[in-house]
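# Analysis of the macromolecular model
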Amino acid sequence: MIKQIQIERFKNLRDSGILKLGRVNMLAGANGCGKSSFCQVLLTLAQTWREGGMNSLLPKGVFKNLGTFDDIHYAYTDDGSIDIHLWTDTGKDNDFLLRYIKNEDRRTLGEIESAEVNGAPIFDEAGENEDDDGEIDDGENANQNMRLTSLKDYPSLIALQNLFYISADRTAASNKEGLDETTPDDYIKPDGSNVLNVLWAHREENILEDIAKLVKEVLESGTVQLIPENNELVLSLNSISNSRLFMPVNVGYGYSYILSLLTAIVIAKPGATFIVENPEAHLHPSAQAKIAKVLIDYSKKKNLQMFIDTHSDHVLNALLKAVKKKELSSEDMQLLFFSCRNTEEGHTEAKVENLKFSDMGHIHRPPKKFFEQYALDLRELYSPTEG
């Protein structure tokens, strides 16, 4: 699990400062102030490492298409690098500093310029400062052809390779999906468009029963069924628990919309990383609080590290209530607040801070624009009418 992170020169994150992370991390703040950029750092590393290597940085991959290296690099600096500093919770090899620059031969990509673990450069066994003749080279060219050791040498980073991402622009599960036996059983597309095939890949584990239970937990009732017909997988739902089933389009939209999110939670491997944007979308306020409770429960059940990008005060309150009820400790949860600040040069960049809160779930000195709109509206509604 990542315990701390510092990001420099990635999109609008010129320097995030050192941020504390927990088991459950809630990202809040106004639009355009860096929440997505923060998640995209993890997604970029994850889609790079899913390809098996650490030497390149892939702005375009299975989770996100962010364009080229220039598109993800902070524009207002002469320093051409992106620095990502990670501290993990392992007792050994727990401090990773990665510096990427643009690959001049493949200009859409980044390439590693330097990498350190616990302050020492990382080399593979065969490439440790060897020259073309296999002799140890201590000269000025010793590090020019540096190659990183395998990701498998650092178990604390595998969690990013085993990442699940449910994006804000996901779609509701469709009634039918063409059967594709090649679908990986550990990868749900960010938009959820392959969720029926992922469910089918796990059919022998009876996870549909677990998902149906979660649907009932979040939405109070419901029935889910998936059956093969010819070369298609057919999904049927009901918003009540009886034998009559319908096409998803004829049932409340929230039922099919949360299917990819619930599936990802159920199939995630223990210790994996989980990023979800707007888990509250299309859900009634009571269901928003309940989906937050599901995320909390599974973070503990499977030791998942959660990153929840949300604009819902119901999700926030559910997390804070979990702290008050001792379901989450103040170390287990972190609130990251993103705001925008104007620089002396005249452009805008992101500012990130860890908000402090008590064991009773009370936030100390909440900043402006931190879920304050509800209180502002009530104040106006109940104030004396002018005139």
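The rules behind these values
- Residue positions are given per chain, counted from 1 along the sequence in the order it is written.
- Since the coordinates come from a predicted model, pLDDT governs what is reported: local features require at least 70, and pairs of side-chain atoms require 80 or more to be given and counted, while whole-chain, interface and lining totals use all residues.
- Excluded from the side-chain calculations are hydrogens and water; all other atoms, namely the structure's heavy atoms, are used.
- Like charges within 9 Å and nonpolar side chains (Val, Leu, Ile, Met, Phe, Trp, Tyr) within 5 Å are joined into patches, using only residues over 30% in relative accessible area that form no salt bridge.
- All accessibility values rest on the Shrake-Rupley procedure with a 1.4 Å probe; residue burial counts only the protein chains present in the view.
- Think of a salt bridge as a Lys or Arg side-chain nitrogen and an Asp or Glu carboxyl oxygen that are within 4 Å of each other.
- Under the scheme used here, helices are H or I runs from DSSP no shorter than 4 residues and strands are E runs no shorter than 2 residues, and both carry numbers assigned from the N terminus.
- Buried residues are those whose accessible area, probed at 1.4 Å on protein chains only, stays under 20% of the maximum for their type, while exposed residues exceed 50% and partly exposed ones sit between those limits.
- Here, axes are lines fitted to C-alpha atoms. For helices the fit covers the stretch in contact, and angles between N-to-C directions go from 0 to 180 degrees.
- Each angle receives one of four descriptions, namely roughly parallel if under 35 degrees, roughly antiparallel if over 145, roughly perpendicular if within 65 to 115, and oblique otherwise.
- The sense of a crossing depends on the near helix, which, turned anticlockwise from the far helix by less than a right angle, makes the crossing left-handed and, turned clockwise, makes it right-handed.
- Any two residues whose heavy atoms approach within 4.5 Å are treated as being in contact.
- Amino acid classes used here: Ala, Val, Leu, Ile, Met, Phe, Trp, Tyr, Cys and Pro are nonpolar; Asp, Glu, Lys and Arg are charged; the rest, including Gly, are polar.
- Definition of nonpolar core: a set of buried residues of the types Ala, Val, Leu, Ile, Met, Phe, Trp, Tyr and Cys, connected through side-chain atoms within 4.5 Å.
- A pair of strands is treated as paired once DSSP finds two or more bridges between them.
- Definitions used throughout: a 1 Å grid over protein atoms alone; a cavity as a set of points that fits a 1.4 Å probe which cannot get out; a pocket as an open set with protein on both sides within 12 Å along at least five of seven lines; a lining residue as one with an atom within 4 Å of a point.
- Grid points are joined across faces, edges and corners, and a volume is the space filled by probe spheres set on the points.

## So, a nonpolar patch on the surface
Among the surface-exposed residues, Tyr 374, Leu 378, Leu 381 and Tyr 382 lie close enough to one another that they form a single nonpolar patch of about 530 Å² accessible area. Positionally, Leu 378 belongs in helix α10 (residues 373-381). Relative accessible area serves as the criterion here: at 32%, Leu 378 is assigned to the partly exposed category.

## Some remarks on the packing of helix α8 (residues 285-301) against helix α9 (residues 313-324)
Between α8 and α9, whose axes approach to 8 Å, the crossing angle comes to 45°. In terms of axis orientation, α8 runs oblique to α9. Note on packing geometry: the crossing formed by α8 with α9 is right-handed. Taken together, the residues of α9 that come into contact with α8 (itself represented by Pro 285, Gln 288, Ala 289, Ala 292 and Ile 296) are His 314, Val 315, Ala 318, Leu 319 and Ala 322. Partitioned by chemical class, the residues of the contact of α8 with α9 number eight nonpolar, two polar and no charged.

## Examining the nonpolar core
Counting residues in each nonpolar core, the largest one holds 63 residues, and the members touching the most others are Phe 274, Met 333 and Leu 335. Judged by nonpolar contacts, the second largest core, of 45 residues, contains Leu 21, Met 54, Ile 122 and Phe 307.

## Let's talk about the side chain of Ser 312
Within the secondary structure layout, Ser 312 lies in the loop between β15 (305-309) and α9. Judged by its relative accessible area of 4%, Ser 312 falls in the buried class. Sequence-distant contacts of Ser 312, that is, excluding residues within four places in its chain, are made with Met 26, Glu 280, Gln 288 and Phe 371.

## Points about the sheet that holds strand β11 (residues 176-178)
Taken in spatial order, the three strands make up an open sheet running β11-β13-β12, and their pairing is antiparallel. At either margin of the open sheet sits one strand with a lone partner, and together these are β11 and β12 (223-229). For this sheet, the mean angle separating the axes of adjacent strands, direction not counted, is 20°. The pairing of β12 with strand β13 (residues 232-238) spans seven bridges and is antiparallel.

## Some words on the sheet that holds strand β4 (residues 24-29)
Taken in spatial order, the six strands make up an open sheet running β10-β14-β15-β4-β16-β17, and their pairing is mixed. The two strands at the open ends of the sheet, each matched to only one other strand, are β10 (163-166) and β17 (348-355). Strand-to-strand twist of the sheet, defined as the mean angle between neighbouring strand axes without regard to direction, takes the value 15°. With four bridges joining them, β4 and β15 adopt parallel strand pairing. When the sheet's bridge partners are listed, Met 26 is paired in β15 with Ile 308. The strands that helix α7 (residues 259-267) touches are β10 and β14 (273-277); relative to β10, the one it contacts most, it runs at about 170°. Packed on one face of the sheet, α9 meets β4, β15 and β16 (333-342) and runs near 140° to β16.

## What about empty space enclosed by the protein?
Inspection of every chain in the model, using the stated rule, returns two cavities of 30 Å³ or more. Considering the residues around the largest cavity, the lining is formed by Arg 50, Gln 161, Asn 162, Leu 163, Phe 164, Asp 186 and Lys 269. There is about 30 Å³ of room inside the second largest cavity. Forming the boundary of the second largest cavity are Met 1, Ile 2, Ser 156, Ala 159, Leu 160, Thr 273 and Gln 305.

## A few points about the pairing of strand β6 (residues 82-88)
Burial of β6 is extensive: seven of the seven residues sit out of reach of the surface. Neither face of β6 is exposed, since Ile 82, Ile 84, Leu 86 and Thr 88 on one face and Asp 83, His 85 and Trp 87 on the opposite face are all buried. Pairing geometry for strand β1 (residues 2-10) and β6, over six bridges, is antiparallel. For Ile 5, the partnering residue across the bridge sits in β6 and is Leu 86. Judged from the six bridges that link them, β6 and strand β7 (residues 95-102) form a sheet pairing that is antiparallel. Bridging from a neighbouring strand, His 85 pairs with Leu 97 of β7. Turn length for the β6-β7 hairpin, with the two strands adjacent in sequence and antiparallel, is six residues, and the turn residue Asp 93 shows positive phi of about 50°.

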